[in-house]
Amino acid sequence: MFSLLKQSPKFTLTNQNYFRNFSNKTYDAIIVGAGSIGVPTSFQLQESGLKVLVIDQKASPGQGDNKCAIGGIRATHGNDSKILACIRSLEVFSTWEEKHGHNIEWLKGGYSFPCYREKEENDLKSLLPLQQGYGMKIDYISAQDIQELIPGINPKGLRGGTWSPDDGSASPMLSSFAFYKYAKELGVDFKFKEKVIRILKNENNKVVGVKTVKDTYSAPIVIDAAGSWSPQLMSTVGINIDLVPDSHEAAITEPTEKFFTPMVVDLRPGKGSKNVYFYQNGFGQLILCITPDPPIKGTNRQETSSFLPMISKRVISLMPRLKNLRYRRTWRGVYPMTPDGAPIMGWNKELKGLYMATGMCGQGFMCGPGLAQTIEHDINGNLNKDDKIILEFTNPYREYKGMEKIK
Ligand SMILES: Cc1cc2nc3c(=O)[nH]c(=O)nc-3n(C[C@H](O)[C@H](O)[C@H](O)COP(=O)(O)OP(=O)(O)OC[C@H]3O[C@@H](n4cnc5c(N)ncnc54)[C@H](O)[C@@H]3O)c2cc1C
């Protein structure tokens, strides 16, 4: 068992009623949130020998912002920490079906960032030594190669672009359900439709459990995997975190014959937006997303009428042959956004036993399984060299300045 558990003092709660029916409600760790981070963390911790409970206010796993993700997964990031985490994630997603038998619609379609301006070309080229240094297949290819990779892409002003064939995509809903099924098989307990209304602590300022709308559960460790709801959860123990949610919209089209494989990311800014990105899933449907500029702060999950005209204009100017495709559905979700775009992950210093695994911004789905491994190592006191690099970047007490070059 891990150090914190060994050291944990006998509970000295003033209100002993908290622990009626003590034994079946006592865990080694409680995870608040069955989302992109919480579910993979649960099986990782249970595999290491801990007794784990996951609690979510929704009716089933992955129903928070996880289900709003469009499913992009890449390891070709602009810093060591995310590269290391997502190399692990790619390994988990790409081998899941083979190892566990659940189809998560993993598609090794790659990522491509076509370039029309010197700025993006220079930014992307400057990251190649770092990415290739980790053994990743990624290169800057010619305009002609990009046209072959993405048939119908606007050739006017196209300078070339990056191509990383080992990146890909998976279904966030199927993935979280598959991770959940595996976690259940291992013995993780899940409670759904149960909102955590308070994190409980004792007089030594140490976590002792959580109170939900229905019950009370005890554990010496509580993990905040509540995503964009984290500020409310943290406020129950008087902790402020640097997380400001912002809204993002996405869309899916009718299916068409499959004619390109990569996630295409156009980094150029447009009117009211930063980058736009889309790919064709295994059924031939296009799944599209855009980053609003300025950001739309808040937790509004209501679709807007301004999104489709904005994204259509940009996507059609990039790939005119898409102009006759019809949309099937749009949806809107929230990024749990931090000021520097990096996650908040590590032990909280103000409350012993509280572990933070939140602030995943726009990449929580792809980072989930990789970061879950670091969380497990941290909680069990087994950090390796890569974990330490990851945690330096996600340190909750960092300065929160700067922003990754390619987001
Ligand atoms: C339009 C859009 C597209 C995106 N595309 C991608 C993409 O392609 N790739 C990618 O990697 N990421 C993408 N993302 C980002 C990704 O969805 C998030 O980063 C990720 O889901 C965050 O994971 P999480 O586990 O922190 O939060 P969530 O998945 O939201 O999980 C948090 C869970 O905690 C629960 N919860 C919160 N508070 C409580 C409480 N008090 N009691 C009980 N339960 C509670 C919630 O119900 C929720 O289920 C996208 C997001 C959006 C909106």
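What counts as what
- Residues numbered from 1 in each chain as written.
- Predicted model: local features only at pLDDT ≥ 70, side-chain atom pairs only at ≥ 80, totals over all residues.
- Heavy atoms only, no water.
- Salt bridge = Lys/Arg side-chain N within 4 Å of Asp/Glu carboxyl O.
- Buried < 20%, exposed > 50% of the residue type's maximum accessible area, 1.4 Å probe, protein only.
- Helix = DSSP H or I, 4+ residues; strand = E, 2+ residues; numbered from the N terminus.
- Pairing = 2+ DSSP bridges.
- Right-handed = clockwise from strand over helix to strand, strands pointing away.
- Phe/Tyr/Trp six-rings, centres within 6.5 Å; stacked < 30°, edge-to-face > 60°.
- Lys NZ or Arg CZ within 6 Å of the ring centre and 35° of its normal.

Enquirer: Give a detailed account of the pattern of salt bridges, specifying residues and quantitative values.
Expert: Where charged atoms of side chains with opposite charge meet at close range, the side chains can pair. Inspection of every chain in the model, using the stated rule, returns 15 salt bridges. One salt bridge connects D266 with R268, and the closest N-O pair in it is separated by 2.8 Å. Judged by relative accessible area, D266 falls into the buried class, the value being 3%. Here R314 ties to D266 by a salt bridge, and the two come within 3.8 Å at their closest N and O atoms.

Enquirer: Mind laying out the pairing of strand β1 (residues 29–32), listing which residues take part and the relevant values?
Expert: Of the two faces of β1, the one carrying A29 and I31 and the one carrying I30 and V32 are both buried. Bridge analysis of β1 against strand β2 (residues 52–55) gives 4 bridges, and the strand direction is parallel. Bridging across to β2, I30 finds its partner in L53. With helix α2 (residues 38–47) bridging β1 and the parallel β2, this β-α-β connection has right-handed handedness. Across 3 bridges, β1 lies against strand β12 (residues 222–224) in parallel orientation. Within β12, the position partnered with V32 by the bridge is D224.

Enquirer: An account of the packing of aromatic side chains is needed here, citing residue identities and associated values.
Expert: Any aromatic ring pair is given by two values, namely how distant the centres are and how the planes are angled relative to each other. In the structure shown here, the tally under the stated rule is 15 aromatic pairs. When the centroid spacing of 5.0 Å and the interplanar angle of 55° are considered together, the rings of F93 and F365 count as tilted. Here F365 lies in helix α9 (residues 364–379) and F93 lies in helix α3 (residues 80–100), a separation of 272 residues in the sequence. Like F93, the residue F365 is buried in the burial classification. Pairing Y180 with F192 gives two aromatic rings, centres 5.7 Å apart and planes at 65°, and the pair type is edge-to-face. One end of the pair, Y180, is in helix α6 (residues 172–186); the other, F192, is in the loop between β8 (189–191) and β9 (196–201), and 12 residues separate them in sequence. In this pair, the class of Y180 matches that of F192, namely buried. An aromatic cluster of three or more residues is present, and its members are F43, F93, W96, F179, Y182 and F365. The aromatic ring of Y116 is capped on one face by R268, whose charged end is 4.0 Å from the ring centroid.

Everything listed here is a matter of geometry and, on its own, says nothing about what the molecule does.
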